[in-house]
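Architecture at a glance
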Amino acid sequence: MKTPVHPTLIQRSLGARQKQLQAQGPVLAASLVTVRRTCGKPSCHCAHGHKHVGHYLTWKEQGKTRSAYVPQALLPQVQQWQHEYRRLKRLLAEVSQLSVALVKTHTTHQRRRAGRS
Ligand SMILES: [Zn+2]
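Notes on the structure follow.

Observations concerning the nonpolar core
With 6 residues, the main nonpolar core is built from Leu28, Ala30, Leu57, Val70, Leu75 and Val78. Not counting residues within four places of it along the chain, the set of residues in contact with leucine 28 comprises Leu57, Val78, Trp81, Gln82 and Tyr85. The next biggest cluster of nonpolar side chains, apart from the first, holds 5 residues, and it includes Ile10, Val95, Leu98 and Ala101.

As for the packing of aromatic side chains
This structure, assessed with the given rule, holds 1 aromatic pair. Ring geometry for tyrosine 56 versus tyrosine 69: centroids 5.6 Å apart, planes at 70 degrees, classification edge-to-face. A residue pair is termed long-range when its members are at least 10 positions apart, and tyrosine 56 in strand 2 (residues 52–61) and tyrosine 69 in strand 3 (residues 64–70) qualify at 13 residues. When its relative accessible area of 53% is taken as the criterion, tyrosine 69 is described as exposed.

Rules of the game
- Residues numbered from 1 in each chain as written.
- Predicted model: local features only at pLDDT ≥ 70, side-chain atom pairs only at ≥ 80, totals over all residues.
- Heavy atoms only, no water.
- Core = buried A, V, L, I, M, F, W, Y, C linked by side-chain atoms within 4.5 Å.
- Buried < 20%, exposed > 50% of the residue type's maximum accessible area, 1.4 Å probe, protein only.
- Contact = heavy atoms within 4.5 Å.
- Phe/Tyr/Trp six-rings, centres within 6.5 Å; stacked < 30°, edge-to-face > 60°.
- Helix = DSSP H or I, 4+ residues; strand = E, 2+ residues; numbered from the N terminus.

Next comes the structure, spelled out in structure tokens:
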């Protein structure tokens, strides 16, 4: 994102992003991990190379890695919720960047005003 210089443009950019800063559904800040494993039954297809595929979410909680099983049926939703987290995270970073720009222009304007008198 290119940060605008003029305060009015910064405000406009900020306003547009603030409107998008609303969760469209659940928001998931966790990683999706695919695990391929065998169940141990000699007669099972997994014993011949077609391993069972499972999906897990992993995330950190107070420094500890936690995980949760994701049922296959829920996978598309879980991916959507992760996507939503990334969208909001990116937006929030941009809003912060624009807010910093607003602080900077304020300082510049004050200096200009001071220089005039
Ligand atoms: Zn098996």
